[in-house]
Amino acid sequence: MIGTGYVGLVTGVCFAELGHSVTCLDIDKEKIEELKSGISPIFEEGMEELLPKNIREGRISFTTHYAEAIPGADLVFLCVQTPSGEYGKADLSYVYSAVRECVTHIDEYTVIVNKSTCPVGTVRTIKELINEIVPEKECDVASNPEFLAEGVAIHDFLEPDRIIVGVDSSRAEKVLREAYAPLIDKGSVFLATIPQSAELMKYASNSFLAMKLSFINEIADFCELVGADVNEVAYGMGLDKRIGTRYLKASIGFGGSCFGKDVRALIHRGEEEGYEFKMIKALIAVNNTRYLTTINKLKKHLGNLKGKTIAVLGLAYKAGTDDTRDSQSLRIVFELLANGAQVQAFDPRAMEHFKKTFARANEIIFSTTALETADSADALLILTEWNEFKELDLTALKTKMSGTLIVDGRNILDRKIVESAGFTYEGIGR
Ligand code: UGA
């Protein structure tokens, strides 16, 4: 595994758990030292157990040297970041530099598998690059997009809806099929296709899920105008098996390191071909202004936010992770500060990341409990659907706060219960 981020580490640990011998490589020495002692740099359900177990049982090791990781490997998985570059274009510099570093160490037939999310055509470009550097080496290049969601990534790997590989050699397909055999034997679908299709499946899947989210968020706003309840509308829609109930939870908007980045990269790749993704552009536009619905709900009740104290519960872009990348909380907190509000915030996992990445973190009062966050607050915002926020002690909250407004950006509270405790309740689309 080249790269020990969410994808590389989860894939490495899970392949080891399946019985393979895995070496994980990263250029970050500190991270590798921690991993060697069984400490995971990411919070991921199941990692604390599986990482030390597989180290102990000798199936996984860590290194910073390509010369240790590559020789003898049947498969080399590229799991490096592909950040958003100029105009949303995927920046592939980490992918190409990993390829350059690794190919010189190949000693026998190896399949280089791209797991990093890269635009259509990248497998072909990697092949051309290898042919330029080491034409004599025996290797194939494949695409194997990942569909892991943070927080449940280990579960997603071990019980995938599908395993997709993009290959143009039956030899490479065979090696990949063998690697995934324990999952295939348990019934996982293994779909082998050409590289371009596999690459596009990843972008099309993320864009489709993001489209469902922007779609239901638009419906939610309309529900508020006509007195409908978006939870009921989504449930009723989802009973139609062609639609399905998942990814129809209306919210403050989607976040995370993938949806926004991948959708923008697809739009950019389209432009390179002279093609315009009209619908996909629209889903991004809906999400880009989504934070304003939360701000407007506050303004509706509190008027000018200047000098108001707002308690923010939830900084992670979703529950189950400490990740704050592209979290809607970043935009909402920024807007609150821009409006002159005083922000008090709490998240059970993500406060450290938030403090490191949010430029105006020093203007925020961070609390250690949800209740403490509400101290003297004019309003309380719920931005992440953590379980502990579903069980807030409303009586204690009422005495802590100076105001009575709760804006539930995840629809996790029951309006009737909240209102009968003396609060004004604003949900999303209901
Ligand atoms: C997403 C995809 O779900 C994975 O399949 C994919 O592999 C991954 O991106 C990736 O490309 O690496 P992830 O970003 O971890 O996974 O998070 P999701 O669980 O999909 O949630 C994304 C955002 O949508 C979050 O902000 C979440 O709160 C929001 N969401 C999700 C909703 O607002 N409503 C929903 O019904 C579902």
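Note that this is a predicted model, so its numbers are computed, not measured. Within every chain, residues take consecutive numbers counted from 1 along the sequence as written. Two thresholds apply to this predicted model, a pLDDT of at least 70 for residue-level local features and 80 or more for giving and counting side-chain atom pairs, whereas whole-chain, interface and lining totals are computed over all residues. As a rule here, side-chain values come from all non-hydrogen atoms in the structure, and water together with hydrogens is ignored.

Please set out the overall build of the chain residue by residue, giving values where relevant.
Secondary structure counts use DSSP, requiring at least four H or I residues in a row for a helix and at least two E residues in a row for a strand, with both numbered from the N terminus. A tally of regular secondary structure across the chain gives 20 helices and 13 strands. Only C-alpha atoms enter the radius of gyration; for comparison, a globular chain is expected to reach 2.2 Å times N to the power 0.38, where N is the number of residues. Its C-alpha radius of gyration of 23 Å places the chain within 12% of the 22 Å reference for a compact globule of 430 residues. By definition, residues are in contact when any of their heavy atoms lie within 4.5 Å. Sequence separation of at least 24 residues holds for 72% of the intrachain contacts in the chain that already meet a minimum separation of 6. When the accessible area of the chain is evaluated, it comes to approximately 19600 Å², of which 52% is carbon and sulfur surface. Neither His nor the chain termini are counted; the positive set is Lys and Arg, and the negative set is Asp and Glu. In this description, the location of a charge corresponds to atom NZ of lysine, CZ of arginine, CG of aspartate or CD of glutamate. For the chain, the separation between the mean place of its 48 positive charges and that of its 62 negative charges on side chains is 4 Å. With residues, only the protein chains shown are counted as cover, and all accessible areas are computed by Shrake-Rupley using a 1.4 Å probe.

Residues and numbers for the site of the ligand, please.
Consider each residue's heavy atoms; a residue with any of them within 4 Å of a molecule or strand counts as near. The local shell around the ligand holds 20 residues, among which Glu150, Lys202, Asn206, Tyr247 and Cys258 are the closest. As used in this structure description, the phrase polar contact means that two N or O atoms lie within 3.5 Å; if the pair is within protein, one of them must be able to donate a hydrogen and the other to accept it, and residues adjacent in sequence are counted only when both atoms belong to side chains. Measuring from a nitrogen atom of the ligand, one finds a backbone N or O atom of Lys249 at 3.0 Å. At 2.9 Å, a backbone N or O of Gly255 approaches an oxygen atom of the ligand. Elements with a contribution of two residues or more to the shell around the ligand: α10 (195–226) and α12 (259–272). If you tally residues by element for the shell around the ligand, the top one is α10, at three residues. Charged means Asp, Glu, Lys or Arg here, nonpolar means Ala, Val, Leu, Ile, Met, Phe, Trp, Tyr, Cys or Pro, and polar covers whatever is left, Gly included. Taken together, the residues of the shell around the ligand break down into ten nonpolar, three polar and seven charged.

Let's hear about unusual backbone geometry: which residues, and what values?
One non-glycine residue with positive phi stands out, namely Tyr87, at about 55°. Mapping Tyr87 onto the fold places it in the loop between β3 (75–78) and α5 (93–103). Of the residues examined, Tyr87 reaches a relative accessible area of 69% and is grouped as exposed. The phi angle at Ser376 is positive, at roughly 60°, despite the residue not being glycine. Within the secondary structure, Ser376 is located in the loop between α17 (370–373) and β11 (379–382). Residue burial is assigned from relative accessible area. The probe radius is 1.4 Å, only protein chains are included, and a residue is buried under 20% of its type maximum, exposed over 50%, and partly exposed in between. Its relative accessible area of 41% is what places Ser376 among the partly exposed residues.

Please provide a residue-by-residue account of the domain arrangement of the chain, values included.
Per the annotation, domain bounds derive from an automatic or database assignment of domains. Domain annotation of the chain identifies domain 1 (6–193), domain 2 (202–288) and domain 3 (292–426). On a C-alpha basis, the centres of domain 2 and domain 3 stand 24 Å from each other. Every contact between the two is made by 16 residues of domain 2 and, on the other side, 14 residues of domain 3. Between domain 2 and domain 3, the buried area comes to about 1200 Å², and carbon and sulfur atoms account for 42% of it. Here the quantity called buried area is the total loss of accessible area, with a 1.4 Å probe, experienced by two parts when brought into contact, counted for both. Of all residues in domain 2, the largest losses of buried area upon contact with domain 3 belong to Ile252, Gly256 and Ser257, amounting jointly to 47% of the total for that side. Basic side-chain nitrogens of Lys or Arg form a salt bridge, by our definition, when they fall within 4 Å of a carboxyl oxygen of Asp or Glu. Viewed at the interface, domain 3 and domain 2 are joined by one salt bridge. Glu224 is the salt-bridge partner of Lys297, the closest N and O atoms lying 2.8 Å from each other.

So what about the state of the cysteines? Which residues, and what values?
Counting rule for disulfides: a pair of cysteine sulfur atoms within 2.5 Å. Inspection of every chain in the model, using the stated rule, returns zero disulfides. Free of any disulfide, Cys79 has its nearest neighbouring cysteine sulfur in Cys24, separated by 8.3 Å. Here Cys79 falls in the buried class, since its relative accessible area comes to 8%. Looking at Cys139, it has no disulfide partner, and the nearest cysteine sulfur is the one in Cys102, 8.2 Å off. Classification of Cys139 by relative accessible area gives buried; the value is 18%.

Let's hear about the nonpolar core: which residues, and what values?
Note that soluble globular proteins tend to have their nonpolar side chains buried in a common cluster. As used in this record, nonpolar core signifies buried Ala, Val, Leu, Ile, Met, Phe, Trp, Tyr and Cys residues forming a set joined through side-chain atoms within 4.5 Å. The biggest cluster of nonpolar side chains holds 49 residues, and the ones touching the most others in it are Leu298, Val312, Leu336 and Leu380. Excluding residues that lie within four positions of it along the chain, Leu380 makes contacts with Ala311, Leu313, Ala374, Leu392, Leu397, Met401, Leu405, Ile406 and Val407.

An account of the packing of aromatic side chains is needed here, citing residue identities and associated values.
The aromatic pairing rule takes the rings of Phe, Tyr and Trp, using the six-membered ring of Trp, and pairs them if the centres are within 6.5 Å, calling planes under 30 degrees apart stacked, those over 60 edge-to-face and the rest tilted. Under the counting rule described, the total for this entry stands at eleven aromatic pairs. On the numbers, 5.2 Å between centres and 80° between planes, the contact of Phe15 with Phe157 is edge-to-face. Linking Phe15 in helix α1 (residues 6–17) with Phe157 in helix α7 (residues 153–158), this pair joins segments that are 142 residues apart in sequence. The burial state of Phe15 is the same as that of Phe157; both residues are buried. Plain terms: the ring middles of Phe254 and Phe259 are 5.8 Å apart, the flat faces sit at 85° to each other, and that makes the pair edge-to-face. Phe259 carries the same exposure label as Phe254, and that label is buried. An aromatic cluster is defined as three or more aromatic residues linked by ring pairs; in this entry it consists of Phe15, Phe77, Phe157 and Tyr180. A ring has a charge above it when a Lys NZ or an Arg CZ is no more than 6 Å from the ring centre and no more than 35 degrees off the ring normal. A cation sits over an aromatic face here: Lys355 above Phe366, 5.0 Å from the ring centre.

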